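Each chain, written out:
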Amino acid sequence: MKRFVLNITGRVSEMDNTKVSIEVEAGSWLTETGIETTVYIGNVDMPQVVTIESFEPLIDKALESYGFGDKMANMHKEEVEQLLATLKNAYEYAERRVQEIGFHESTLSHKKIKPGKRC
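The residue numbers shown here count from 1 along each chain, following its written sequence. Local features in this predicted model are restricted to residues whose pLDDT is 70 or higher, and side-chain atom pairs enter the listing and the counts only when it is 80 or higher, whereas totals over whole chains, interfaces and linings include all residues. Hydrogens and water molecules were not included; the side-chain quantities draw on all heavy atoms of the structure.

Enquirer: Looking at this model, I keep getting lost on the overall build of the protein chain. Mind explaining?
Expert: The numbering of helices and of strands both runs from the N terminus, where a helix is a DSSP run of H or I of at least 4 residues and a strand a run of E of at least 2. Looking only at helices and strands, one finds two helices and six strands in the protein chain. Each helix (α) and strand (β) of the protein chain, taken in turn from the N terminus, gives the series β-β-β-β-α-β-β-α. A simple rule labels every residue: compare its accessible area, found with a 1.4 Å probe on the protein chains alone, to the largest value its type can have, and call it buried under 20%, exposed over 50%, or partly exposed in between. Of all 119 residues assigned to the protein chain, the portion counted as buried reaches 10%. Contact criterion: two residues are considered in contact whenever any of their non-hydrogen atoms come within 4.5 Å of each other. Sequence separation of 24 or more characterises 18% of the internal contacts of the protein chain that already satisfy a separation of 6 or more. Element-wise, carbon and sulfur atoms account for 57% of the exposed surface of the protein chain, whose accessible area totals about 10200 Å². Method for areas: the Shrake-Rupley scheme with a 1.4 Å probe, in which residue coverage is limited to the protein chains shown.

Enquirer: It is not clear to me how the confidence of the model for the protein chain should be interpreted in this structure. Could you clarify?
Expert: Parts of the prediction with low pLDDT should not have their coordinates interpreted in detail. Predictor confidence is given residue by residue as pLDDT, running from a minimum of 0 to a maximum of 100. On average, the protein chain scores 81 in pLDDT, and the residues at 70 or more come to 72%. Highest mean pLDDT in the protein chain belongs to strand β4 (residues 49-54) (95); lowest belongs to strand β1 (residues 3-11) (67).

Enquirer: Can you walk me through the environment of Ile-22 in this structure?
Expert: Considering the arrangement of structural elements, one finds Ile-22 in strand β2 (residues 19-30). A relative accessible area of 39% places Ile-22 in the partly exposed class. Along the backbone, Ile-22 and Ile-41 are 19 residues apart, and their C-alpha atoms lie at a distance of 7.1 Å.

Enquirer: What exactly am I supposed to notice about helix α2 (residues 77-101) here?
Expert: Every α-helix winds through 3.6 residues per turn, so residues three or four apart in the chain are directed the same way. Under the convention used throughout, the expected extent of a helix is 1.5 Å for every residue step, that is, one less than its residue count. Taking 1.5 Å per residue as the helical rise, α2 with its 25 residues ought to reach 36 Å, and the 36 Å between its terminal C-alpha atoms agrees with that figure. Just beyond α2, the residue with positive phi is Gly-102, at close to 125 degrees.

Enquirer: Can you help me understand the environment of Thr-51 in this one?
Expert: Structurally, the position occupied by Thr-51 is in strand β4. In the structure, Thr-51 is positioned 12 residues away from Val-39 in sequence and 9.0 Å away in space, judged by C-alpha atoms. Here Thr-51 is in contact with Ile-35, Glu-36 and Thr-37, once residues within four sequence places are set aside.

Enquirer: For this particular structure, what's the right way to read the pattern of salt bridges?
Expert: Two side chains of opposite charge can pair, provided their charged atoms sit close to one another. In what follows, salt bridge is the name for a side-chain nitrogen of Lys or Arg lying within 4 Å of a carboxyl oxygen of Asp or Glu. Under the definition given, this model contains three salt bridges. Lys-61 is paired through a salt bridge with Glu-53; the nearest N and O atoms lie 3.7 Å apart. On the basis of relative accessible area, Lys-61 is assigned to the partly exposed category, the value being 48%. A relative accessible area of 35% means that Glu-53 is categorised as partly exposed.

Okay, structure coming up:
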């Protein structure tokens, strides 16, 4: 996971030279249900914000951005093909890494998701 850390430093007031610093740390994880983003504010063990974006709405948003209404714009054909290739490559990479890590076909069940079921 790549984390981004932002340090915010400021003064309580113009008259006070005391500096206040707050650390904000955010990062994203790929999970079995989608992309999870966590935000930590200050020196804490638990995140203050956790959001999960499931795959299907993310894909819908991406594809909708290449269209007009319910039609795919022809001028975005290359971008859509690249998106599909990238998603396919990501799946193939993940499958290959699972095998490299030591899971074998006999111990890993491929669950088929029924059409219409949220990813």
